[in-house]
Amino acid sequence: MHLPHLRKLIEGIPKAELHLHIEGSFEPELMFEIARRNNISLKYDSISSLKDAYRFGNLQEFLDIYYEGAQVLIHEQDFYDLTWAYLIKVHSQNVVHVEIFFDPQTHTDRGIEFEVVLMGIYKALEKGKQELNISFRLIMSYLRHLSEEAAFKTLNMSVPFKQYIDGVGLDSSELGNPPAKFVSVFKASAKHGYKLVAHAGEEGPVDYIRDALDTLKVERIDHGNRCLDDGTLIDRLLYKSIPLTLCPLSNVALKVIERLEDHPIEKMLDLGILASIHSDDPAYFGGYMNENYYETARALNLNKGQLMQLAINAFEASWLSKASKAKHIDRVKHYFDTYNV
Ligand code: HPA
Ligand code: ZN
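Residues numbered from 1 in each chain as written. Chains lettered and ligands numbered in written order. Predicted model: local features only at pLDDT ≥ 70, side-chain atom pairs only at ≥ 80, totals over all residues. Heavy atoms only, no water.

If you look the chain up in an unreviewed UniProt entry, it shows as Adenine deaminase from Pricia antarctica. The chain has a UniProt comment under Catalytic activity (unreviewed entry) that states "adenine + H2O + H(+) = hypoxanthine + NH4(+)". According to the UniProt record, the Sequence similarities (unreviewed entry) comment for the chain reads "Belongs to the metallo-dependent hydrolases superfamily. Adenosine and AMP deaminases family. Adenine deaminase type 2 subfamily." (UniProt positions renumbered as here; feature names shortened; annotations may be inferred.)

This is the structure:
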């Protein structure tokens, strides 16, 4: 397919984003604006010097900058503006459903109330539902470089607000922080009615994916790049229809893979794994949903059928009702059926 056609095809696909850290959608322009109004000085004196720092050798180098940027978020309005900016952006890319992460500990550890963080994000999501017709789910992520006890504190803080939160996740520095560290808090989270997901097999080994399934009992894996290292695990992902939410531009930016051409997603699709494409931290990794689809399709030479499957998989993997999934999937199929180049 000609590249301008490919771009146009991708832009029009109705999309679901299931792997997005709201703090990772913090664009430098908004970061500087919020820093100014909160009288906080950033380590970088200009937008361009901040952007120059966005060259990461690994996950940890990214996380250091990502946590630094989040420090300027203080008031409910700040969290609201951050989330609203993300929704406006993805609305322009035909994203119609989002399931987004937030990292409460990044904020509560600085003395920001849990409620301030949550309500800022939630109110923007609610407005997005009303005004942009974007449905949503919200996932609270535990930071795995901190202790399980700290995660329990976060769980306890969340309980009075659990009607606003759909699930819990596990993110931050993967290596040396295996799923086993969080077994009890995931169990307790499930008892409170939260759905469970975890980052696994991004930088960490394939064992972390197995352990996230076996010990944390998660129903969806974030990233999961390394699953192809284990044939038995592949069978299990297939048999149980366990979704993987992949983030190709993130994987290149964080050196999980050297080049997009090496991305495992095509192999996953060939095997029938429920793999889909998402943006992770789009302000830091060079692209939102359309750019992730486009660059991946270009690098792997994906065809229309594969692109349709990726879009369908994301709705299939979502926490929408059966009826909503069917409605969105029909729309995706109709879009591809009637698309003429
Ligand atoms: N991996 C782990 N933790 C994260 C990421 C990621 O890609 N982005 C934000 N927190
Ligand atoms: Zn992530």
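**As for the pairing of strand S3 (residues 135-143)**
Across the 9 residues that make up S3, a large majority, 9, are buried. Here S3 shows two buried faces, one formed by Ser135, Arg137, Ile139, Ser141 and Leu143 and the other by Phe136, Leu138, Met140 and Tyr142. Both strand S2 (residues 95-102) and S3 contribute to a ladder of 6 bridges, which runs parallel. Among the inter-strand pairings, Ile100 is bridged to a residue of S3, identified as Leu138. As paired elements, S3 and strand S4 (residues 167-171) share 5 bridges and run parallel to each other. Bridge pairing in S4 places Tyr142 opposite Leu170. Crossover connection from S3 via helix H8 (residues 148-158) to parallel S4: handedness right-handed. (Buried < 20%, exposed > 50% of the residue type's maximum accessible area, 1.4 Å probe, protein only. Helix = DSSP H or I, 4+ residues; strand = E, 2+ residues; numbered from the N terminus. Pairing = 2+ DSSP bridges. Right-handed = clockwise from strand over helix to strand, strands pointing away.)

**Remarks on the site of ligand 1**
All residues in the neighbourhood of ligand 1 are listed as His21, Leu59, Phe62, Leu63, Tyr66, Asp171, Ser172, His199, Glu202, His223, Asp280 and Asp281. One of the backbone N or O atoms of Ser172 is found 2.8 Å from a nitrogen atom in ligand 1. The fraction of the free accessible surface of ligand 1 (260 Å²) that becomes covered by protein chains is 100%. A molecule is said to occupy a pocket when more than half its atoms come within 2 Å of that pocket's grid points, and by this definition ligand 1 occupies the largest cavity. If you tally residues by element for the shell around ligand 1, the top one is helix H4 (residues 59-70), at 4 residues. Considering only residue class, the shell around ligand 1 consists of 4 nonpolar, 4 polar and 4 charged. (Near = heavy atom within 4 Å. Polar contact = N/O pair within 3.5 Å; in protein donor to acceptor, adjacent residues only side chain to side chain. Areas by Shrake-Rupley, 256 points an atom, 1.4 Å probe, with all protein chains shown as cover. 1 Å grid on protein atoms, 1.4 Å probe; cavity = no way out; pocket = protein on both sides within 12 Å on 5 of 7 lines; lining within 4 Å. Sits in = over half its atoms within 2 Å of the grid points. Nonpolar A, V, L, I, M, F, W, Y, C, P; charged D, E, K, R; others polar.)

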